[in-house]
Amino acid sequence: EQLMQLIADSDLLLASGTGPVHIAAALNIPTVGLFPPRKGISPRRWAPPGQKVTAMMHPKKLPCLSCRESSGCHCMAKLTVALVEAQIQRWLVQECS
């Protein structure tokens, strides 16, 4: 309940492609979901529907092999702050227009 209220009170949600992304999309909150380019957990399968939803993964098709290792996901690390910020800036321009 508290998480849903926190999301409902938000102007935007940025999260990995998990439950909070789906809650925000259902509440029509501008949502950026971050996904790895792995077939079973890609945005093609798991991105929530919605007009204010952007499912992001690194724009280049990268082999995402390290996600299965404990060393971290290199393809997610390449999804830079600048790429995510650019998406958020596009929404701000649209909302203010």
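Residues numbered from 1 in each chain as written. Predicted model: local features only at pLDDT ≥ 70, side-chain atom pairs only at ≥ 80, totals over all residues. Heavy atoms only, no water.

### Comments concerning the overall build of the chain
Within the chain, the secondary structure is distributed over five helices and three strands. In sequence order, the chain lays out its α and β elements as α-β-α-β-α-β-α-α. Classification of the 97 residues of the chain by burial places 29% in the buried group. Counting only contacts in the chain whose residues sit at least 6 apart along the sequence, the fraction spanning at least 24 positions is 34%. When the accessible surface of the chain is split by element, carbon and sulfur atoms take 57% of a total near 6,600 Å². (Helix = DSSP H or I, 4+ residues; strand = E, 2+ residues; numbered from the N terminus. Buried < 20%, exposed > 50% of the residue type's maximum accessible area, 1.4 Å probe, protein only. Contact = heavy atoms within 4.5 Å. Areas by Shrake-Rupley, 256 points an atom, 1.4 Å probe, with all protein chains shown as cover.)

### Here's the deal with the confidence of the model for the chain
Model confidence for the chain is summarised by a mean pLDDT of 82, while 85% of its residues fall at 70 or above. Taken element by element, the chain is modelled with least confidence in helix H4 (residues 74-77), mean pLDDT 76, and with most confidence in helix H1 (residues 2-8), mean pLDDT 95. (pLDDT = per-residue confidence, 0-100.)

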